[in-house]
Amino acid sequence: MADFDLFYINLDQAVQRRELIEKSFADSKFSSRWTFNRFPAVSATSEMVLRAEGKLSGAYKGNYFSHVECVRQSIGRDRHLFMAEDDLEFCAETGPILEQIVDTVPEDSWDIIHAEITLMSARDFPMLFKLDRQSEGRKKVKLINLVGFPYACSGSGAYIVNRRAKEKFIAFMDSTVKNYGGRIDHPFDICLRGALKFGGLTGFLTFPFLTAPSIHADQTQAPWGAYDASVEQVKQIHLELINAFRRLVWVGYSPDKVMPDVLNRHGHEMLLMSERDKLFQKIMPWLMYLQYNAPYTDYNYLKFLPQQFDCIAAGKDSDPP
């Protein structure tokens, strides 16, 4: 049985993020099979970033280099590598279920296992939420094949790199930059999604999710760019709602952590909306809810591994059937 190195990427000045993720790890009581380590993030002003060509901001380039260099430096250690960004939370099930997975699934059948992802389109949320309700009240965790995954997604907040796939991972990321003329034009999570989509890497997703965004994830460290205040406002509300959904389909789901305060701020009232926009805003929640309840939802296009993994806290905080 292989053990795990867990590295979380953290900027030197991000002290509160560091304290929260360290507390989350301690509270989640990982077994002795895990080491817990901080990887100092590559800053936007580092020489490595300043030398790098490409259209991305310095913050995004730093994030790219942080992930790649952490994996590169772990080559030679005969342990699986859990890569984590510093704005997530673990739960009591995170470690034990990941141990079940790597001890059960043949090691030569996977390169990456994501503990969570971000869906890019809200229209797909009901499909995944309904699948969560079919997971026996979060008593079982499934593995979904991400090769051919039908939903637009991204994310690099929490994933395991197979100990035997580290060189393969680095080779793909280095070739991606080389193919773009040495430029870093795409965020790391988009490159990782491309590796899975186009067959560079083989990967799976744990579902329900085994990690979730912490409160710090609602404040990005990578600015979107120079936009006017109304656009920034929309982007902020969108970010918080996406994170709320990720917490909703988390094994460690807790009602008081799902929606910090975004709905209480009535974000839609802050937007400039026409009468038709207002009617559309009233129609959409019902359409989404009915989509979730539709009896004809077909998951045949999702590919699951046959194994399912038991939660040690099965049934806690479960919704009624």
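See above for the structure.
Residues numbered from 1 in each chain as written. Predicted model: local features only at pLDDT ≥ 70, side-chain atom pairs only at ≥ 80, totals over all residues. Heavy atoms only, no water.

K.L.:
Explanation requested: the nonpolar core in the structure shown.
P.N.:
Of all hydrophobic cores here, the largest spans 52 residues; its most connected members are Leu119, Phe149 and Phe169. The contact partners of Phe169, leaving out residues within four places of it in the chain, are Val71, Ile112, Tyr159, Val161, Phe188, Leu192 and Leu201. Core analysis: the second largest hydrophobic core is formed by 31 residues, Trp34, Ile101, Ala115 and Leu143 among them. (Core = buried A, V, L, I, M, F, W, Y, C linked by side-chain atoms within 4.5 Å. Buried < 20%, exposed > 50% of the residue type's maximum accessible area, 1.4 Å probe, protein only. Contact = heavy atoms within 4.5 Å.)

K.L.:
Which parts of the structure should I look at to understand the sheet that holds strand S7 (residues 140–145)?
P.N.:
One open sheet accounts for 8 strands, arranged S2-S1-S3-S9-S5-S10-S7-S12; its pairing is mixed. With one partner strand each, in any of the chains shown, strand S2 (34–40) and strand S12 (304–310) form the two edges of the open sheet. Adjacent strand axes in the sheet meet at a mean angle of 25° when their direction is disregarded. As paired strands, strand S1 (residues 4–10) and S2 are joined by 7 bridges and run parallel to one another. Of the residues in S2, the one forming a bridge with Asn10 is Pro40. Each of S1, S2, strand S3 (80–85), strand S5 (112–114), S7, strand S9 (158–161), strand S10 (203–207) and S12 touches helix H4 (residues 94–104); the most contacted strand, S12, lies at about 135° to it. (Pairing = 2+ DSSP bridges. Helix = DSSP H or I, 4+ residues; strand = E, 2+ residues; numbered from the N terminus. Axes fitted to C-alpha atoms, helices over the stretch in contact; angles between N-to-C directions.)

K.L.:
Looking at this model, I keep getting lost on the pattern of salt bridges. Mind explaining?
P.N.:
Pairing between side chains of opposite charge can happen when the charged atoms of each approach one another. For the coordinates displayed, the defined rule picks out 23 salt bridges. Two residues, Lys168 and Asp111, come together in a salt bridge whose shortest N-O distance is 2.9 Å. Taken together, the positions of Lys168 in helix H6 (residues 166–179) and Asp111 in the loop between H4 and S5 put the pair 57 residues apart, joining distant regions of the chain. A residue is classified by how much of its surface remains accessible, and Lys168, at 40% relative accessible area, is partly exposed. A residue is classified by how much of its surface remains accessible, and Asp111, at 9% relative accessible area, is buried. We note a salt bridge from Lys140 to Asp310, for which the minimum N-O separation is 2.5 Å. (Salt bridge = Lys/Arg side-chain N within 4 Å of Asp/Glu carboxyl O.)

K.L.:
Would you explain the pairing of S1 in this entry?
P.N.:
Within a regular strand, side chains alternate between the sheet's two faces. Burial within S1 is extensive, with 7 of its 7 residues counted as buried. Burial along S1 is two-sided: Phe4, Leu6, Tyr8 and Asn10 and Asp5, Phe7 and Ile9, pointing in opposite directions, are all buried. Across 6 bridges, the pairing between S1 and S3 is parallel. Counted as the bridge partner of Phe7 is Met83 from S3.

K.L.:
Explain H6 here, please?
P.N.:
Helical geometry note: an α-helix holds 3.6 residues per turn, so side chains three or four residues apart project in the same direction. Compared with an ideal rise of 1.5 Å per residue, which puts 14 residues at 20 Å, H6 spans 20 Å between its outermost C-alpha atoms and is within 8% of the ideal. For H6, every residue scored as buried is listed here: Lys166, Phe169, Ile170, Met173, Thr176 and Val177. On an axial view of H6, the arc spanned by its buried residues comes to 125°, and they lie on one face. Every exposed residue of H6 that faces more than 90 degrees away from the buried side is listed here: Lys178 and Asn179. Elements in contact with the buried residues of H6: helix H3 (58–74), S3, S5, S9 and helix H7 (188–197). (Expected span 1.5 Å × (residues − 1). Arc of directions from axis to C-beta.)

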